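What follows is each chain in one-letter form.
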Amino acid sequence: MAERLSPADIEAQLVNLPGWKLVGNRLEQTFTFKDFLGSIAFVNRLVDPAEQAGHHPDLSISWNRVTVCLTTHDAGGITQKDIDLAKVISDLAVV
């Protein structure tokens, strides 16, 4: 099982994750796209990296916005897996 990060570790790593914020025991960011098709294309780009990492975000889709929430449920909070996947997701959003 992945080890939960301390609040200080999380805050230090958030500096390198523009747009991500700490909300309770999860990382969260809302990405905005031109339209619904852009939102769905973004979600589709997430599938392979999430599967490869064996770590799946919670997603909320609302027309041109996708809110991504990351937490490691079995660790009860944020782990390095969440930080790493947040970096990948941020890169996917700029395509």
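The sections below set out a description of the structure shown in this document. Remember, it's a predicted structure, so these values are computed and weren't measured experimentally.

The phi dihedral of Trp-63 falls on the positive side, at around 45 degrees, and the residue is not glycine. Among the secondary structure elements, Trp-63 is positioned in the loop between strand S3 (58-62) and strand S4 (65-70).

If you check which residues of helix H1 (residues 7-14) are buried, you get Ile-10, Gln-13 and Leu-14. Within H1, the buried residues cover an arc of 105 degrees as seen down the axis, which keeps them to one side. Packed against the buried residues of H1 are strand S1 (21-23), strand S2 (26-32) and helix H3 (80-93).

For S3 and S4, the ladder comprises five bridges, and the chain directions are antiparallel. Its bridge partner being in S4, Ile-61 is matched across the sheet by Val-66. What sits between the antiparallel neighbours S3 and S4 is a turn of two residues, in which Trp-63 has the positive phi angle 45 degrees.

Right, let's get into the pairing of S2. The pairing of S1 with S2 spans three bridges and is classified as antiparallel. Within the sheet, the bridge partner assigned to Val-23 lies in S2 and is Arg-26. The turn joining S1 and S2, which pair antiparallel and follow one another in sequence, is formed by two residues; a positive phi near 65 degrees is taken by Gly-24. With six bridges connecting them, S2 and S4 associate as antiparallel partners. Following the sheet pairing, Thr-30 is matched in S4 by Thr-67.

Turning to the side chain of His-55, a few remarks are in order. Take His-55: it is sitting in the loop between helix H2 (36-53) and S3. In this structure the side chain of His-55 is engaged in a polar contact, spanning 2.5 Å, whose partner is the side chain of Asp-82. Leaving out residues up to four positions away in the same chain, His-55 has contacts with Ala-50, Thr-71, Thr-72, Lys-81, Asp-82 and Leu-85.

Glancing now at the sheet that holds S1. An order of S1-S2-S4-S3 is seen for the four strands of this open sheet, with the pairing classed as antiparallel. Two strands bound the open sheet, and with one partner strand each, they are S1 and S3. Averaged over all pairs of adjacent strands, the angle between strand axes in this sheet comes to 30 degrees, irrespective of strand direction. Each of S2 and S4 is contacted by H3, which is oriented at about 5 degrees to S2, the strand it contacts most.

Right, let's get into the pattern of salt bridges. Applying the stated criterion to the full structure yields one salt bridge. Between Glu-28 and Arg-26 there is a salt bridge; the shortest N-O distance is 3.0 Å. A residue is classified by how much of its surface remains accessible, and Glu-28, at 13% relative accessible area, is buried.

Reading guide: rules and limits
- Residues numbered from 1 in each chain as written.
- Predicted model: local features only at pLDDT ≥ 70, side-chain atom pairs only at ≥ 80, totals over all residues.
- Heavy atoms only, no water.
- Helix = DSSP H or I, 4+ residues; strand = E, 2+ residues; numbered from the N terminus.
- Buried < 20%, exposed > 50% of the residue type's maximum accessible area, 1.4 Å probe, protein only.
- Arc of directions from axis to C-beta.
- Contact = heavy atoms within 4.5 Å.
- Pairing = 2+ DSSP bridges.
- Polar contact = N/O pair within 3.5 Å; in protein donor to acceptor, adjacent residues only side chain to side chain.
- Axes fitted to C-alpha atoms, helices over the stretch in contact; angles between N-to-C directions.
- Salt bridge = Lys/Arg side-chain N within 4 Å of Asp/Glu carboxyl O.

By themselves these figures say nothing about function.
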